[in-house]
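One-letter residues, chain by chain:
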Amino acid sequence: MHDHVEMAMLWAHIWGDSFMLSERPPRSVCNDELAERIPDNILREPIDYLFADHCRQATLCNELHHFVAHFFNAPPDPDRAAAILSCLEVDVNLHIADEELDLFPRLRMRARAEDRFSELLRLLDKEHDRDRTLVEEVCVDLTRLVQGQSLEDPDRFCRSASALAASHISHLEWENAVLLPLARLRLTNEDLNAMGKTMAARRSIPYPGD
Ligand SMILES: [Fe+2]
Ligand SMILES: [Fe+2]
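Residues numbered from 1 in each chain as written. Chains lettered and ligands numbered in written order. Predicted model: local features only at pLDDT ≥ 70, side-chain atom pairs only at ≥ 80, totals over all residues.

Peer 1: Any chance you could explain the overall build of the protein here in plain terms?
Peer 2: Along the backbone of the protein there are six helices and zero strands. Residues classed as buried in the protein amount to 27% of the 210 residues present. Pairs at least 24 apart in sequence give 82% of the contacts found in the protein among residues at least 6 apart. (Helix = DSSP H or I, 4+ residues; strand = E, 2+ residues; numbered from the N terminus. Buried ≥ 20, exposed ≤ 12 C-beta atoms within 10 Å, placed from the backbone. Contact = placed C-beta atoms within 7 Å.)

Peer 1: Can you walk me through the nonpolar core in this structure?
Peer 2: Note on soluble globular proteins: their nonpolar side chains tend to be buried together. Counting residues in each nonpolar core, the largest one holds 39 residues, and the members touching the most others are Leu64, Leu107 and Ala161. Among the secondary structure elements, those contributing two or more residues to this core are α2 (46-69), α3 (78-110), α4 (117-146), α5 (154-186) and α6 (189-202). Of the residues forming this core, the biggest block, 11 residues, is contributed by α5. When residues no more than four places from it in sequence are discounted, the contact partners of Leu64 are Ile84, Ala161, Leu164 and Ala165. (Core = buried A, V, L, I, M, F, W, Y, C linked by C-beta atoms within 7 Å.)

Peer 1: When you look at the packing of α3 against α5 in this model, what are you seeing that I'm missing?
Peer 2: In helix packing, the relevant descriptors are the interaxial angle and the interaxial distance, both defined with respect to the helix axes. Close contact between α3 and α5 brings their axes to 10 Å; oriented N to C, the two are set at 55 degrees. In this view, α3 runs oblique relative to α5, as classed from their interaxial angle. Here α3 and α5 pass one another in a crossing that is left-handed. Contacts from Leu103, Leu107 and Arg110 in α3 reach Leu182, Ala183 and Arg186 in α5. Of the residues belonging to the contact of α3 with α5, the class tally is four nonpolar, no polar and two charged. (Axes fitted to C-alpha atoms, helices over the stretch in contact; angles between N-to-C directions. Parallel < 35°, antiparallel > 145°, perpendicular 65-115°, else oblique. Left-handed = near helix turned anticlockwise from the far one by under 90°. Nonpolar A, V, L, I, M, F, W, Y, C, P; charged D, E, K, R; others polar.)

Peer 1: Help me understand the environment of Val92 in this model?
Peer 2: Its place among the elements puts Val92 in helix α3. Taking the C-alpha atoms as reference points, Val92 and Asp53, 39 residues apart in sequence, are found 8.6 Å from one another. Excluding residues within four positions of it along the chain, Val92 makes contact with Gln57, Cys87 and Val135.

Peer 1: It is not clear to me how the confidence of the model for the protein should be interpreted in this structure. Could you clarify?
Peer 2: Close reading of the predicted structure is inappropriate where its pLDDT is low. Looking at the protein as a whole, its pLDDT mean stands at 87, while 84% of the residues score no less than 70. Of all secondary-structure elements in the protein, the lowest mean pLDDT belongs to helix α1 (residues 3-15), at 54, while α6 reaches the highest, 97. (pLDDT = per-residue confidence, 0-100.)

Peer 1: Looking at this structure, how should I read α4?
Peer 2: When the terminal C-alpha atoms of α4 are compared, their 41 Å separation across 30 residues agrees well with the 44 Å that a helix rising 1.5 Å per residue should span. Among the residues making up α4, those that are buried are Phe117, Leu120, Leu124, Leu134, Val138, Asp141, Leu142 and Leu145. Immediately downstream of α4, the backbone of Gly148 shows phi near 75 degrees, a positive value. (Expected span 1.5 Å × (residues − 1).)

Peer 1: When you look at unusual backbone geometry in this model, what are you seeing that I'm missing?
Peer 2: For residues other than glycine, phi is negative in most cases, and the peptide bonds are mostly trans. Positive phi is not limited to glycine here, since Arg116 has a value of about 50 degrees. Looking at the secondary structure, you find Arg116 in the loop between α3 and α4. Exposure remark for Arg116: the 14 C-beta atoms within 10 Å place this residue in the partly exposed category.

Peer 1: Help me understand the environment of Phe51 in this model?
Peer 2: By the secondary structure assignment, Phe51 is in helix α2. When the C-alpha positions of Phe51 and Leu180 are compared, they lie 7.7 Å apart, and in sequence the two are 129 residues distant.

Encoded structure:
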């Protein structure tokens, strides 16, 4: 059993089973194109923004699976490769920064002993490190494909891309089930306002309503 599945079961035991499914992204929400942008005004509700980002990243994982599944059937489409590359390089990195620089430090301040946040954080850090490594590997090969070059080791690319898609979707689902509900429970309005402002600044856009 994966560590995070055990952790999700533990939190379900503490808070009741109902929260486990409360934030899973409905499939219909996740069918948007990769390029679709999350409306800026959602930054006023930064936890909703993180959830919307999870939905987009679930779409990204599906695209990556699809890309790998058809990789040897026909020449890879450079436009699809470019869309996936942009999402990995820009959006996923912004999202990880939102969590590591804005969400986790605030939750560390607000969490209560029974939340066992230090255990949760250890697992989150481990999974972010794993995904960062896979993202780097996959992006090197996607860049070559976008430039019309062949890959040194196509099988390795397919293995890394499949591993990334599988591990990342699992990461998103347990963050939806455990991390975001905890954030909604513990963060104050001041925390949320400050988070929204720094997330807007990270994207070089004005904080909506200012
Ligand atoms: Fe994360
Ligand atoms: Fe996340």
